[in-house]
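As a plain string of letters, each chain reads:
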Amino acid sequence: DAGITQSPRHKVTETGTPVTLRCHQTENHRYMYWYRQDPGHGLRLIHYSYGVKDTDKGEVSDGYSVSRSKTEDFLLTLESATSSQTSVYFCAISDGQGLNTEAFFGQGTRLTVV
Amino acid sequence: AQSVTQLGSHVSVSEGALVLLRCNYSSSVPPYLFWYVQYPNQGLQLLLKYTTGATLVKGINGFEAEFKKSETSFHLTKPSAHMSDAAEYFCAVSDPRGDYKLSFGAGTTVTVRA
């Protein structure tokens, strides 16, 4: 398995509080992504990174921010959690070298906002 | 922009029967195509991918998929279903010119009947 660790694996938080999810990789891959998974929607891209301090928005970025200060770590922050952000969050990494175009996924973080 | 449509949110097959999961995509350029599988409470695992070359690609666990440009399809098949194939399956597409971001279909849940 690709070396991807997400923390925490489960979290319950209250509406209006900030929350940070962490993704740590040991593969030295250039690209890192945050997706959310919701029934009927598959996975949708929140933000991604193409290098240290280089990030960009995905299709559902409102209410989220990210940071990548080191190759191995990619943080996702919910600035003020809302119930609509209750979801399962997946981090993914990709090498992007040659035809190594596939993404490898972490085990996910189940976030509940009450 | 790219999009993926998976036909059928639920598929039920008998053990030993053919598994056929349908995926159609929309892309302005020849895309990279992927099938992922997700078992309960786990992350996504790559089944197979198409990047270039042979249009029939073989993956893990006896699955294969065929890229048909004229039909903009990438259907997944397995000749004989096993109980262990019960899972959710996702088709995904990425733009080769981009940062390997994936656009996912909504997913198809496969149930295998004994």
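Q: I'd like to hear about the overall build of chain B, residue by residue, with values.
A: Along chain B, the regular secondary structure elements total zero helices and 11 strands. Counted from the first residue to the last, chain B has its helices and strands arranged as β-β-β-β-β-β-β-β-β-β-β. Its C-alpha atoms give chain B a radius of gyration of 14 Å, within 12% of the compact-globule value 13 Å for 114 residues. If one aligns the C-alpha atoms of chain B with their principal axes, the spans along those axes are about 45 × 30 × 20 Å. Put simply, chain B has 114 residues, and 45% of those count as buried. Long-range contacts, defined here as pairs at least 24 residues apart, represent 56% of the contacts in chain B between residues at least 6 apart. Approximately 5300 Å² of chain B is accessible, and the part contributed by carbon and sulfur atoms is 51%. Where the 9 positive side-chain charges of chain B centre and where its 8 negative ones centre are 4 Å apart.

Q: Please set out the packing of aromatic side chains residue by residue, giving values where relevant.
A: Across all of its chains, the model carries 16 aromatic pairs over all chains by this definition. Ring pairing ties together the aromatic residues Tyr31(A), Tyr33(A), Tyr35(A), Tyr48(A), Tyr50(A), Phe105(A), Phe34(B), Tyr36(B), Phe90(B), Tyr100(B) and Phe104(B), which thus form one cluster.

Q: Can you break down the state of the cysteines residue by residue, with the values?
A: Applying the stated criterion across every chain, the model contains two disulfides over all chains. Linked covalently through their sulfurs, Cys23(A) and Cys91(A) form a disulfide whose S-S length is 1.9 Å. Handedness here is read from the sign of the S-S torsion; for Cys23(A) and Cys91(A), about -70 degrees, the answer is left-handed. On the criterion of sequence distance, the pair formed by Cys23(A) in strand β3 (residues 19-25) and Cys91(A) in strand β9 (residues 87-94) is long-range, its members being 68 residues apart. A relative accessible area of 0% places Cys23(A) in the buried class. One disulfide bridge connects Cys23(B) with Cys91(B), the sulfur atoms lying 1.9 Å from each other. Measuring handedness by torsion sign, the sulfur bridge of Cys23(B) and Cys91(B) sits at about -60 degrees and is left-handed. In this pair, Cys23(B) is assigned in strand β3 (residues 19-26) and Cys91(B) in strand β9 (residues 87-94), connecting sequence segments 68 residues apart. By the burial criterion, Cys23(B) is buried, and Cys91(B) matches it.

Q: Can you lay out the side chain of Asp85(B) for me, pointing to particular residues and giving the numbers?
A: Residue and element names in this part refer to chain B. With respect to the helices, strands and loops of the structure, Asp-85 is situated in the loop between β8 (73-78) and β9. One polar contact links the side chain of Asp-85 to the main-chain amide nitrogen of His-82, over a distance of 2.8 Å. When near neighbours in sequence (up to four residues on either side) are disregarded, Asp-85 contacts Phe-63, Lys-78, Ser-80, Val-110 and Val-112.

Q: Can you tell me about the sheet that holds strand β1 (residues 4-7) of chain A, naming the residues and giving the values?
A: All names here are of chain A. Pairing in this open sheet of four strands is antiparallel, and the strands run β1-β3-β8-β7 from one edge to the other. At either end of the open sheet lies a strand with only one pairing partner, and these are β1 and β7 (64-70). Adjacent strand axes in the sheet meet at a mean angle of 15 degrees when their direction is disregarded. Pairing between β3 and strand β8 (residues 73-78): six bridges, direction antiparallel. Its bridge partner lying in β8, Arg-22 is registered against Leu-75.

Q: Break down the environment of Gly106(A) for me, citing the residues and quoting the values.
A: The residue Gly106(A) is located in the loop between β10 (103-105) and β11 (109-113) in this model. For the pair Gly106(A) and Ile93(A), spaced 13 residues apart in the sequence, the C-alpha separation amounts to 8.5 Å. For Gly106(A), the contacting residues outside a window of four places in its chain are Ile4(A), Gln6(A), Phe90(A), Cys91(A) and Gly43(B).

Q: Can you explain the pairing of β3(A)? Please cite residues and give values.
A: Residue and element names in this part refer to chain A. Here β3 shows one buried face, formed by Val-19, Leu-21, Cys-23 and Gln-25, and one open face, formed by Thr-20, Arg-22 and His-24. Two strands pair when backbone bridges link them, and β1 and β3 are joined in this way by four bridges, in the antiparallel orientation. Its bridge partner lying in β3, Thr-5 is registered against His-24.

Q: Account for the interface of chain B and chain A, naming residues and giving values.
A: Counting from both sides, the interface comprises 21 residues of chain B and, opposite them, 24 residues of chain A. Here chain B packs against chain A, burying approximately 1900 Å² in sum over the two surfaces, 54% of which is carbon and sulfur. Of all residues in chain B, Asp99(B), Tyr100(B) and Phe104(B) give up the largest surface area on contact with chain A, accounting jointly for 30% of the area buried on that side. Counting across the chain B and chain A interface gives one salt bridge. Between Glu102(A) and Lys49(B) there is a salt bridge, with the nearest N and O atoms lying 2.6 Å from each other. Looking at the side of chain B that touches chain A, the elements that each hand over two or more residues are β4 (32-38), β5 (44-50) and β9 of chain B. In the side of chain B that touches chain A, the residues fall into 10 nonpolar, seven polar and four charged.

How each quantity is defined
- Residues numbered from 1 in each chain as written.
- Chains lettered and ligands numbered in written order.
- Predicted model: local features only at pLDDT ≥ 70, side-chain atom pairs only at ≥ 80, totals over all residues.
- Heavy atoms only, no water.
- Helix = DSSP H or I, 4+ residues; strand = E, 2+ residues; numbered from the N terminus.
- Rg over C-alpha atoms; globule rule 2.2 N^0.38 Å.
- Buried < 20%, exposed > 50% of the residue type's maximum accessible area, 1.4 Å probe, protein only.
- Contact = heavy atoms within 4.5 Å.
- Areas by Shrake-Rupley, 256 points an atom, 1.4 Å probe, with all protein chains shown as cover.
- Lys, Arg positive; Asp, Glu negative; His and termini not counted.
- Charge placed at Lys NZ, Arg CZ, Asp CG, Glu CD.
- Phe/Tyr/Trp six-rings, centres within 6.5 Å; stacked < 30°, edge-to-face > 60°.
- Disulfide = S-S within 2.5 Å.
- Polar contact = N/O pair within 3.5 Å; in protein donor to acceptor, adjacent residues only side chain to side chain.
- Pairing = 2+ DSSP bridges.
- Axes fitted to C-alpha atoms, helices over the stretch in contact; angles between N-to-C directions.
- Buried area = accessible area lost by both parts, 1.4 Å probe.
- Salt bridge = Lys/Arg side-chain N within 4 Å of Asp/Glu carboxyl O.
- Nonpolar A, V, L, I, M, F, W, Y, C, P; charged D, E, K, R; others polar.

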